[in-house]
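# Observations on the three-dimensional arrangement
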Amino acid sequence: MSRRSLTLLIASLGTAVAIAVAVLVPVPYVILGPGPTLNTLGKDSSGQPLITITGHPSYPANGHLNMVTVSYQGCQGNQFNIFTALVAWLNPHEAVVPEGEICPAGQTQQHTQQMTSSQQTATAAALTQLGIPYSTEVVVVRVEKGFPAYGVLKAGDVITAIDGKPVTSQASLTRLIRAHPAGSTLTVTITRNGQASTVQVGTKESGGHPVMGVEVAEQYKFPFTVKISVGDIGGPSAGMMFALGIIDKLTKYDLTAGRFIAGTGEIEANGKVDPIGGIQQKMIAARDAGATIFLTPASNCADTKGAVPAGLRLVKVSTLNQAITYLEALKTGGSVPSC
């Protein structure tokens, strides 16, 4: 074999191996694309309402208040090669991100927990907006080993008071603990398995502040039942749209006036709207579904530049109250802020 033929053979084999590797070896990325949208005022695929209210009067709702989602391809068992990634990079409706941002261990369970928490917080935000009272419990989620609370408090304990002062939120718990120097012993009132009791829990310094060594979460006790059914969709970003759907159903408001409105945004119990991820893909999903108005978290406005689909009007919101005010203004042709 001539030297030239040998060189060509080696080059051909190298190219074939490189192509085989590119085709067969998955890349550590995830492709984000427009996902399904669900009307919070409507029904799911089985014909059941997405939002069901029992124990309180509710009213018929018209139009669309759609939550939007992002679909993804990647993670374990659904990986792809470099060619698929390149095609997605060239698609203006998709994004390619490192898989560590989307699917680390336990992320699916975390997304499910976030969705459940988002539904509870959305209900709290809606009731806060409407002035309907409810109570908040601070529940122990985890006790840190090596801290004073370990072996004294347990997961599931409801902390109701510190030194006789009521605990009504996670912030109030933190404030009451920090009212004493590290090394203090606190009288903690708890409810465990339905029984109230008091225990003595010390504190020690961590991160420059006194702590007991517990991770807590807020749980709400509502005067009636709000059930939200969205199947296996996860994450917290539908919170604002859930809250708007609940308000529409609990009142004689007609927030949509028959229009197709979509939106996104994580919600806090006080009504603050927080930014979310995947805004560009969510706008595409909303427009493809038929939305003409898209409620956008103010903090996400910079991410929408140059990516707004034709025919979709963005409305910039920072709070749940703003979202309601702007939807009312749109009914009469009033001006509202946009991104």
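In this numbering scheme, every chain counts its residues from 1 along its sequence in written order. pLDDT decides what is reported in this predicted model: residues at 70 or higher carry local features, side-chain atom pairs at 80 or more are listed and counted, and totals for whole chains, interfaces and linings draw on all residues regardless. In computing side-chain values, all of the structure's heavy atoms are included and hydrogens and water are not.

Strands here mean DSSP runs of E at least two residues long; helices mean DSSP runs of H or I at least four residues long; both are numbered from the N terminus. Considering the arrangement of structural elements, one finds M212 in the loop between strand 11 (209-211) and strand 12 (214-221). A 1.4 Å probe rolled over the protein chains alone gives each residue an accessible area, and that area as a share of the maximum for its type sets the label: buried under 20%, exposed over 50%, partly exposed in between. Take M212: its relative accessible area is 1%, and that puts it in the buried class. Along the primary structure M212 and V201 are separated by 11 residues, whereas in three dimensions their C-alpha atoms are 6.9 Å apart. In what follows, a contact means two residues having at least one pair of non-hydrogen atoms within 4.5 Å. Ignoring anything within four residues of it in the chain, the contact list for M212 reads F147, P148, A149, L153, I159, L173, I177, L186, V188, V201, G202 and T203.

For the rest of this paragraph, the subject is the packing of aromatic side chains. Two aromatic rings, drawn from Phe, Tyr or Trp (for Trp, its six-membered ring), form a pair once their centres lie within 6.5 Å of each other, and the interplanar angle then sorts them: stacked below 30 degrees, edge-to-face above 60, tilted otherwise. Counted by the stated rule, this structure contains 3 aromatic pairs. Counting every residue linked through ring pairs, the aromatic cluster contains Y134, Y220 and F222. Directly above the ring of F147 sits K204, whose terminal nitrogen or CZ lies 4.4 Å from the centroid. Counted as over-ring charges are cases with an Arg CZ or a Lys NZ within 6 Å of the ring centre that also lie within 35 degrees of the ring normal.

Right, let's talk about helix 5 (residues 239-250) for a bit. Its 12 residues give helix 5 an end-to-end C-alpha distance of 16 Å, which sits within 8% of 16 Å, the value for a rise of 1.5 Å per residue. Taken together, the buried positions of helix 5 are G239, M240, M241, F242, A243, L244, G245, I246, I247, D248, K249 and L250. One less than the residue count of a helix, multiplied by 1.5 Å, gives the span that helix is expected to have.

This part takes up the environment of G164. On the secondary structure map, G164 appears in the loop between strand 6 (158-162) and strand 7 (165-166). Separated by 23 residues in sequence, G164 and T187 have C-alpha atoms that sit 7.5 Å apart.

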